[in-house]
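Descriptive structure summary
Okay, here's what each chain looks like letter by letter:
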Amino acid sequence: MSDSTTIAPDRVEVQAPQKQWQGQSVPRKEDKRLTQGQGVFVDDIKRHGMGYIHFVRSPYAHAHITSIDVSKAEEIKGVYGTLTGEEVASLTDPFFQLATPPGAHLKDYALALGKVRYVGEAVVAVVAETRELARDASELVEVEYEPLAAVVDARNAQDDGVPVLHDDAGSNMMWESVYEWGDLDAAFAEADRIVKIKELHFHRFNSTPLECDGALVEFNRGTGQWTIHTNNQFPGFAQIMMGPALHCGLDKLRFVTQDIGGGFGNKITSHPQLVACCLLARKLNRPVQWTEWRTDFHLSMSHGNERWFQDTEVAVKNDGTLLGFRTKALDDAGAWLRYEPLGGVIWAQVTPGVYKWRNIRLEFTQVATNKAPCSPNRGYSRMQHLWFTERVIDIVAHELELDPVEVRKRNYIKTEDMPYETPNGCIYDSGDYSRMLDIALELIGWKDAAARKKEAASRGKLLGIGIGSTLDSGTNNFGQSRMINPELQFSGNNEVATVKLDVFGEIVVTLGTTPQGQGHETTAAQVVADILGCSMDDVYVRAGHDSYWNSHAGFSGTYASQFAVTGLSAVKGATDMLAEQIKRLGSVILGGVPVDALELADGTVRIKDNPEAALPFMACGAIINANNAGLPEDLDVTLNCRYVYRPPFEVPDVEKKFGNLTLTYAAQIHAAVVEIDPETGHYEIVDYAAVDDCGIRIHPQIVEGQVMGATAQALGAVVHEAFEYDEDGNLLTPNFYDYHVPHALDMPPLQTGYIESPSPFTPLGTKGMGEGGGAGIHSVCAAVQDAMRGHGDAIVYDSWNPYKRVWEMLQHPEKTRALVEVVDA
Amino acid sequence: MSAIASSKAVTVTVNGVEYEREVEARKLLIHFVRDDLDLTGSHIGCDTGNCGACSMIVDGQLVKSCMLLAVQADGASIETVEGLAEDGELTALQQSFSDHHALQCGYCTPGMLMSATALLRTNPNPTDEQIKKALQGNICRCTGYWNIFEAVKAVGS
């Protein structure tokens, strides 16, 4: 352990769940409406006289806009109006940039101004009476372009003579920093071998939620307030971006959501489109509606960060002990920094992965290219880094002729060392990775591996087994943003809930979160019912989010694996307050019995020793809300309690790039067995195990559902899904024909396992979990490489391994082997 | 503009209720049902007929309603997700989806339910392979399909 100054969060007393509702897979409250088509998603919302928005988008990856003529479109009957970049620039300020210079100099508006920088960038908005008319009228908008050469390969983006996307920034380099912890020279001096890896590539894809982005926006002329019905999943961030741009206070931007059709991080950065909607609602004096087309989503929304790892050197002992590594991470941000360059620090939440590496140097550079802007995608920035660490482990193991299982076990952080401080000051709260690996290996039948390889060979198949060991760090300390830009005034985190007892005894819960399928109504009700001693059926959790509910804090939203910590801790805090108030009221009404002598059970407050003396919640609600004459003056009871949960964080040390960046570390160990047909490169995943540890599970079935869904997305990403661009910057996969997401027939057999390592730092012992570590990508990459051992020994160098690539690796293993070199230290 | 009509009167029966509306000739059936009839249970997840979120049963046949113009459905009898439960009582399939956690965000669920309903009507005891094939035209991004498969299988067997 280093002699650093980081302070581990205080351990909190984890209250053992009563196991009445928490810990049970009760039926989800959401299901009744969602199975009957009674959910309310953004495109379901209608208003009288509303106009439909269609965006005219750039056909060029990089071009000057020489003229825009909207007159023909505006002449059409039923067209309500248009919006251009010049109008936007006259009415708004550019969005606030998180980066230091040069990225800080970008001037990013809701619509392109003077120039387009990727295919699909929004140039003009057209509003009409119907969707069809808006689309037709858009065809009549005349935009003249003067095409420029496109930058599509991040590796060339800084070369001389390459066109610069943003003249204001002066170059395509957007943000860079050097991270170094420990003593690299000592580590490399101590090493027996140095494994050098020239280049690894993590590809571009995202989670493609089935519902695309959208909004219905109304403007109240009298108050200057917008109501934004939208599926944006992080309203707190959108408000911070939009308020200054629109020159309005944040309370003028009311965000409302009910059901959201999947998010996965991809619905965080819709603020440019929302600003266009706001301007149009005001300009046209009517509600406007925007529903993104699937093609538009693929072309323009929230691609996952594409990253290169170059000139990697790993210091290792002959027995496989890992001492440290150096690498250069080159991150392709796409055309705009919409949430970036936060990816430049988010990876550091999991700096050593699950391993005891103490000496690490990573040079991070982010560049702009003529591709869609990158924004969070499930596992945001950490998945890329964890893929890198897992690739390193397998390459080291294979090149040193060691067993990848043994190398992992030798280097895993041990359960007895938890809480464990990483080289950069993050505190891994709890876990047992070796035990999880044992479970995963047993589930896939590891002990029979040799026999299975032989049997597969007899059928002409190459069988390989691979492991993916990952973390889903949850509950961000937003202070990490200061490592990107020391001027930023963000730190910590928060979430809110309110719980009230109404006049007829109804228990009403409001959340600050914006769930997209995670079942928050259900798990919140479980927590409330256990504390209040009532049935879950008696707890009504309002569906969705409304920033006017007073259950909205600066970081409210559903993102970055945190609800089971931030959301449920807020629910617990508010419910504890309510329980205490009910008891104080009961104490008065039941004749002055001490509060300690009371308990909450069966929907009543009652005397422990005399349960007959009970006051039903209905009576409590009625007395406080409607029948309160004669109550003691000093009885401070409202039965309407609001609690803000604030996780225990310090501001990180910006100079040393050191501090606790997230509160909890859920772990995932996956194991995959693949069979490759060497004639074609086609491979099948024949066995798969996913073992998860997210601390105490409030609702095991929901947890397993997240594990399954994340696994499916990872398997889709490693085999099929990629946002591929041609050399002119055209996206080759702009829809579900070309971008193949897994179907029911694609899914391999899956076994799941779990352990529960309670977090010592959270009130319920829970950890945030979205299981975005990308373990499925890593395990399949490892399995494919394992299958090719003894058959050319190709190195899996890319996170995207469609069958054609596997075939190429089998045909020309030497091309991949040239990427790796082992030297004696 | 030419004299060719750009709209047409269409009569459809949806979940037993008859509707008559003047419809733009180019309007898709899914947009007609959602926007004009206010039956928003069926969803749209793509522009290309791949995702199946808009699946409905039209004259007894499972269709992706984004692949049909509204005018083509003139005279048809249409079933959508809103017609499955009676008086709020879930069908065995709907209940099974909830029991097996076969839905998370619920966006694909109406289409999944219609595809599975169509399967079980014609084939009450489908094999595993037949279930997967019947769901192949419906994309789900939350669940990985395992629980959807189990939910259908539980009702089918």
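Some points on the packing of aromatic side chains
Residue and element names in this part refer to chain A. Under the counting rule described, the total for this entry stands at 27 aromatic pairs over all chains. Each ring, one from phenylalanine 234 and one from phenylalanine 237, has its centre 5.7 Å from the other, and the planes form 35°; the classification is tilted. Taking the relative accessible area as the measure of exposure, phenylalanine 237 reaches 9% and is therefore buried. Chaining the aromatic ring pairs together yields one cluster made of Phe234, Phe237, Tyr339, Tyr380, Phe478, Phe555 and Tyr559. A cation over an aromatic ring shows up here: arginine 155 above the ring of tryptophan 308, its NZ or CZ 3.7 Å from the ring centre. Lying over the aromatic face of phenylalanine 188, arginine 326 brings its terminal NZ or CZ to 3.9 Å of the ring centre.

A few points about empty space enclosed by the protein
Empty space among the atoms becomes visible once a probe the size of a water molecule is rolled across them. If you walk through the whole model with that rule in mind, you get 10 cavities of 30 Å³ or more. Computed from the structure, the second largest cavity encloses a volume of approximately 290 Å³. Considering the residues around the second largest cavity, the lining is formed by 26 residues, among which Asp43(A), Arg131(A), Thr291(A), Glu292(A) and Ile44(B) are closest to the centre. At the level of secondary structure, the elements contributing two or more residues to the lining of the second largest cavity comprise strand S1 (51-57), helix H4 (131-138) and strand S12 (288-291) of chain A together with helix H1 (29-36) of chain B.

Quick look at the nonpolar core
Judged by nonpolar contacts, the single largest core of 212 residues is most densely connected at Met242(A), Tyr433(A), Ile676(A), Ile777(A), Val784(A) and Phe97(B). Apart from residues lying up to four places away in sequence, Phe97(B) is in contact with Thr35(A), Ala102(B), Leu103(B), Thr109(B), Met112(B), Leu113(B), Ile148(B), Ala151(B) and Val152(B).

Here we look at the pattern of salt bridges
Enumeration according to the criterion identifies 55 salt bridges over all chains in this entry. Its salt-bridge partner being Asp824(A), residue Arg193(A) comes within 3.1 Å of it at the nearest N-O pair. Here the residue Arg193(A) occupies a position in strand S8 (residues 193-202), and Asp824(A) occupies one in strand S30 (residues 820-824), the gap between them amounting to 631 residues. One network of salt bridges, with partners in common, ties together Asp43(A), Asp44(A), Arg131(A), Arg34(B) and Asp35(B).

A word on the domain arrangement of chain A
Residues and elements named next belong to chain A. Domain annotation of chain A identifies domain 1 (43-148 + 212-260 + 268-300), domain 2 (177-206 + 303-479 + 658-824) and domain 3 (494-645). For domain 2 versus domain 3, the separation of C-alpha centres amounts to 42 Å. Between domain 2 and domain 3, the contact holds 21 residues from the first and 18 residues from the second. Buried surface at the junction of domain 2 and domain 3, summed over both partners, amounts to about 1500 Å²; 68% is from carbon and sulfur atoms. Of all residues in domain 2, Phe478, Ile698 and Leu764 give up the largest surface area on contact with domain 3, accounting jointly for 32% of the area buried on that side. On the surface where domain 2 and domain 3 come into contact, there are 0 salt bridges. Joining domain 2 to domain 3, the criterion identifies 5 residue pairs in polar contact (both at pLDDT 80 or more).

Some remarks on the domain arrangement of chain B
You'll often see interface size given as the accessible area lost when the parts meet. Residue and element names in this part refer to chain B. As far as domains go, chain B holds domain 1 (7-83) and domain 2 (92-156). Counting residues at the interface gives 16 residues for domain 1 and 14 residues for domain 2. Between domain 1 and domain 2 lies a buried interface of about 1200 Å² when both sides are counted; carbon and sulfur atoms form 60% of it. Of the charged contacts in the structure, one is a salt bridge between arginine 121 and glutamate 79, with a shortest N-O distance of 2.5 Å. For the side of domain 1 that touches domain 2, the secondary-structure elements that each account for two or more residues are strand S3 (55-58) and strand S4 (61-64).

Quick look at the interface of chain B and chain A
Across the contact, 51 residues belong to chain B and 52 residues belong to chain A. Counting each side, the surface lost to burial between chain B and chain A is near 4600 Å², with a carbon and sulfur contribution of 56%. Of all residues in chain B, His101(B), Arg141(B) and Trp146(B) give up the largest surface area on contact with chain A, accounting jointly for 20% of the area buried on that side. Between chain B and chain A we count 6 salt bridges in total. Arg131(A) is the partner of Asp35(B) in a salt bridge, and the nearest nitrogen-oxygen pair spans 2.8 Å. The tally of links between chain B and chain A comes to 26 residue pairs in polar contact (both at pLDDT 80 or more).

Things to note about the packing of helix H18 (residues 700-719) of chain A against helix H19 (residues 775-787) of chain A
All names here are of chain A. The contact between H18 and H19 brings their axes to 7 Å, and the two run at 45°. Taken as axis vectors, H18 and H19 run oblique relative to one another. The interaxial crossing formed by H18 with H19 has right-handed handedness. Mapping the contact onto sequence places Ala714, Leu715, Ala717 and Val718 in H18 and Gly776, Ile777, Val780 and Cys781 in H19. Residue composition of the contact of H18 with H19, grouped by class: 7 nonpolar, 1 polar and no charged.

Rules behind the numbers
- Residues numbered from 1 in each chain as written.
- Chains lettered and ligands numbered in written order.
- Predicted model: local features only at pLDDT ≥ 70, side-chain atom pairs only at ≥ 80, totals over all residues.
- Heavy atoms only, no water.
- Phe/Tyr/Trp six-rings, centres within 6.5 Å; stacked < 30°, edge-to-face > 60°.
- Buried < 20%, exposed > 50% of the residue type's maximum accessible area, 1.4 Å probe, protein only.
- Lys NZ or Arg CZ within 6 Å of the ring centre and 35° of its normal.
- 1 Å grid on protein atoms, 1.4 Å probe; cavity = no way out; pocket = protein on both sides within 12 Å on 5 of 7 lines; lining within 4 Å.
- Points joined across faces, edges and corners; volume = space filled by probe spheres on them.
- Helix = DSSP H or I, 4+ residues; strand = E, 2+ residues; numbered from the N terminus.
- Core = buried A, V, L, I, M, F, W, Y, C linked by side-chain atoms within 4.5 Å.
- Contact = heavy atoms within 4.5 Å.
- Salt bridge = Lys/Arg side-chain N within 4 Å of Asp/Glu carboxyl O.
- Domains from an automatic or database assignment.
- Buried area = accessible area lost by both parts, 1.4 Å probe.
- Polar contact = N/O pair within 3.5 Å; in protein donor to acceptor, adjacent residues only side chain to side chain.
- Axes fitted to C-alpha atoms, helices over the stretch in contact; angles between N-to-C directions.
- Parallel < 35°, antiparallel > 145°, perpendicular 65-115°, else oblique.
- Left-handed = near helix turned anticlockwise from the far one by under 90°.
- Nonpolar A, V, L, I, M, F, W, Y, C, P; charged D, E, K, R; others polar.

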